[in-house]
Amino acid sequence: MNLIGKFKKIFVAAVVLGSLFARATTFVVEPGDDIAAAIDQAQDDDVVQIAAGTYIVSAGITIDRAITIRGVHSAVTTIKSTGDAFTVFTLKNARAIIERVTIRDAVAPSRPAVLITGGGGTLCDAVICNCKATNQSSNTGAVFIDSADAIVRRVIIKDCSGSWGGGLFINKNATVDCCYLTGNSAQYGGGFYINSGGLNPLIVHLSACENGASYGKDFYNNGPGSSVTKIYDSW
């Protein structure tokens, strides 16, 4: 594992009318580096660029600044949890972004692999797979949305499980766009679950198929008054 000071840094200067008004840094993380250490260094508008490879995460990472965590592509950049009962990523800033990665193998009694809460954040162009919440009274093991400023876009969620919402648990009026949920399982809502009455999330171009549940094989809407602004069953 490399020391924090050994991360490659690329400085990007933004210039308008000849005046320097902003400076951002790209931290390049390569196999053997510590993703969490790079994220700890990053400040608003910085990018943590994760090279192709598999990275083992053994503790939860919270992103509460406006930074971007960017892999090369979900097919070649994999973040693998040790499965020791923690949420891999918690997003708490509306301008925080995780993109172009696969997150897999998170196993915990009652925690999701990705939690978007507080100020929100964006998960996009990603794959979440084989993540499980094992308690019978747990929510999803994959992606839990608990912020109206959450965006989940172009994400594949597969082979995940939990008691409510095998792939996706929606607890606020967030945006879910161009997602594919398959092979997930739950007691309620094998693909995704909308919690409590009165919610009206924006769900566009979502495909939920071949999921399994005792109630709502692909989708379960809990409570009167909840609705979906727009939903399609094909991607």
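Check the entry above for the structure.
Please read these numbers as outputs of a predicted model, since none were measured by experiment. (Residues numbered from 1 in each chain as written. Predicted model: local features only at pLDDT ≥ 70, side-chain atom pairs only at ≥ 80, totals over all residues. Heavy atoms only, no water.)

K.L.:
So what's going on with the sheet that holds strand S17 (residues 168–170)? Which residues, and what values?
P.N.:
If you trace the 7 strands from one edge of the open sheet to the other, you get S5-S8-S12-S15-S17-S21-S25, paired in parallel fashion. Each edge of the open sheet is held by one strand with a lone partner, namely strand S5 (61–63) and strand S25 (219–221). Across the sheet, the mean angle from the axis of one strand to that of its neighbour is 10°, orientation sign disregarded. In the sheet, strand S15 (residues 143–146) pairs with S17 via 3 bridges, with the strands oriented parallel. Within the sheet, the bridge partner assigned to phenylalanine 144 lies in S17 and is phenylalanine 169. (Pairing = 2+ DSSP bridges. Helix = DSSP H or I, 4+ residues; strand = E, 2+ residues; numbered from the N terminus. Axes fitted to C-alpha atoms, helices over the stretch in contact; angles between N-to-C directions.)

K.L.:
Give a detailed account of the nonpolar core, specifying residues and quantitative values.
P.N.:
If you look at the biggest cluster of nonpolar residues, it comprises 51 residues, and the most contacted ones within it are Ile63, Ile128 and Val143. Top element by residues in this core is strand S16 (residues 150–158). It accounts for 4 residues. With residues near it in sequence (within four places) discarded, valine 143 still touches Val114, Leu123, Ile128, Val152, Ile157, Gly167, Leu168 and Phe169. (Core = buried A, V, L, I, M, F, W, Y, C linked by side-chain atoms within 4.5 Å. Buried < 20%, exposed > 50% of the residue type's maximum accessible area, 1.4 Å probe, protein only. Contact = heavy atoms within 4.5 Å.)

K.L.:
Describe in detail the packing of aromatic side chains, supporting the description with residues and values.
P.N.:
In the structure shown here, the tally under the stated rule is 7 aromatic pairs. Between tryptophan 164 and tyrosine 188, the ring centres sit 6.5 Å apart and the planes meet at 15°, which makes this aromatic pair stacked. With tryptophan 164 in the loop between S16 and S17 and tyrosine 188 in strand S20 (residues 185–188), this pair connects stretches of sequence that are 24 residues apart. On the accessibility criterion, tryptophan 164 (24% relative accessible area) is partly exposed. Taking 5.6 Å as the distance between ring centres and 5° as the angle between the ring planes, the aromatic pair formed by tyrosine 193 and tyrosine 220 counts as stacked. On the criterion of sequence distance, the pair formed by tyrosine 193 in strand S21 (residues 192–194) and tyrosine 220 in strand S25 is long-range, its members being 27 residues apart. Under the relative-accessibility criterion, tyrosine 193 is labelled buried at 5%. Of the residues examined, tyrosine 220 reaches a relative accessible area of 25% and is grouped as partly exposed. (Phe/Tyr/Trp six-rings, centres within 6.5 Å; stacked < 30°, edge-to-face > 60°.)

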